[in-house]
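Inside the fold
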Amino acid sequence: MNTADAKRVLETALICTQQPLTVRELRVLFSDELGADTIKDLLGELQNDWTQRGVELVCVASGWRFQSRPELREYLDRLHPEKPPKYSRAALETLAIIAYRQPVTRGDMEDIRGVTINTQILKQLEDRGWVEVIGHREAVGRPGLYATTRQFLDDLGLASLDQLPELQGPSQQGVFEALNEAAEPQPELAMELAANDDGLEAGAAAAGAEGDAAPAAPSGPGEGDHDPAQATET
C-alpha cells in the first residue's frame, strides 16, 4: 500500500469513528504492517492536509480525532441554539483545584476554597466523567484522593495535563471559561455530536446547581480533613 492509500484509510477511519483512536488501534487497519512511527508520520501529513479546512485533526488524551476548529464554533452553535445550563463557579473552582493539585482529598479542596464543599458538586464532576477517586490517603478515615480522567482532557481538547493553561491571576478567569466551555456539547463532526448529544445534555443538566461561596484561587492543597466549623456551601 502506498502512502496516499494509507492516508485515505486513516482519514476515513478517523472521520467515521465516534471516539478518538490510538496509534495502536490505527495499526490494526493495516494488520500491523505499518509501524507506530510510520502511522504518526502519516497522521502529521494528514494534519497538514487539513490546515486550510474547517475541521482539524488533533491528538487528545485518548487518541486522534477530527474536530471543528475553535474559531468556527460560534457558527456551529447556531444549529443548536439551546445550550444546557453551565456549571456553577463553585463546581469549576473545585474542578480546577483537582486538575492543578491532584491527587487531592476533599479536605484539601475545602482548605483551599475556605468552605465546605457540597457533596453534590463532587458527584456532578464524577457523573460527568471528569474526576475519579484513584486511591486513599493513609490518614484518619482514609479520605479518597481525587484526580482528573482522560475524559476531562478529551473534552478540553488536551493530550496531557501539561497543556492546561497557566494560572496567571487570582481570578483564574481564563481557566474557568475553558472549563465552562468544555461542559457544553463540543461541535465535533456532525455524526459524533448526534451520537453523544443525549448523554452530554444529561450530564450538563445535572451540573446546574449553583454554589454561593466566595471564590478563592487554587493556591495549594492543605493537609487538614473536613472541618465541620467551616461555612457550608449549597
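Structural data are supplied above this passage.
Read on for an overview of the structure. (Residues numbered from 1 in each chain as written. Predicted model: local features only at pLDDT ≥ 70, side-chain atom pairs only at ≥ 80, totals over all residues. Heavy atoms only, no water.)

**A short note on the packing of aromatic side chains**
To describe a pair of aromatic rings, you give the distance between the ring centres and the angle between the ring planes. Defined as follows: Aromatic rings from Phe, Tyr and Trp, with only the six-membered ring used for Trp, were paired whenever their centres fell within 6.5 Å, and each pair was classed as stacked if the ring planes differed by under 30 degrees, edge-to-face if by over 60, and tilted otherwise. Numbered from the N terminus, helices here are DSSP runs of H or I no shorter than four residues, and strands are runs of E no shorter than two. For each residue, the accessible area found with a 1.4 Å probe, counting protein chains only, is set against the maximum for its type, and the residue is called buried under 20%, exposed over 50%, and partly exposed in between.
Scanning the model with the defined rule gives 3 aromatic pairs in all. Ring geometry for W50 and F66: centres 4.6 Å apart, planes at 50°, overall tilted. With a gap of 16 residues between them, W50 in the loop between α3 (36-49) and β1 (55-60) and F66 in strand β2 (residues 63-68) connect regions that are remote in the sequence. Across the pair, exposure class does not vary: W50 and F66 are buried alike. An angle of 80° between the planes, with centres 6.1 Å apart, marks the rings of W130 and F152 as edge-to-face. Within this pair, whereas W130 is found in the loop between α7 (119-127) and β3 (131-136), its partner F152 is found in helix α8 (residues 150-156), the two being separated by 22 residues in sequence. Grouping aromatic residues by their ring pairs yields a cluster made of Y87, W130 and F152.

**Points about the pairing of β2**
Test applied: When DSSP locates at least two bridges between a pair of strands, those strands are taken to pair.
Among the 6 residues that make up β2, 6 are buried, leaving the element largely enclosed by the rest of the structure. Note: β1 against β2, 6 bridges, orientation antiparallel. Bridging from a neighbouring strand, C59 pairs with W64 of β2.

**Re the environment of A147**
Convention followed: Only heavy atoms enter the contact rule, under which two residues are in contact if any of them lie within 4.5 Å.
Within the secondary structure, A147 sits in strand β4 (residues 144-148). Taking C-alpha positions, A147 is 9.2 Å from T105, a pair spaced 42 residues apart along the chain. Leaving out residues up to four positions away in the same chain, A147 has contacts with I98, Q102, W130, V131, E132 and I134.

**Things to note about the pattern of salt bridges**
Selection criterion: When a carboxyl oxygen of Asp or Glu is within 4 Å of a side-chain nitrogen of Lys or Arg, the pair counts as a salt bridge.
Applying the stated rule across the entire model yields 12 salt bridges. As a salt-bridge pair, D127 and K123 come within 2.8 Å of each other at their nearest N and O atoms. With a gap of 4 residues between them, D127 and K123 both fall in helix α7, about one helical turn apart. Residue K123 is classed as partly exposed on the basis of its relative accessible area of 41%. Salt bridges sharing common partners tie together K7, E45 and D49.

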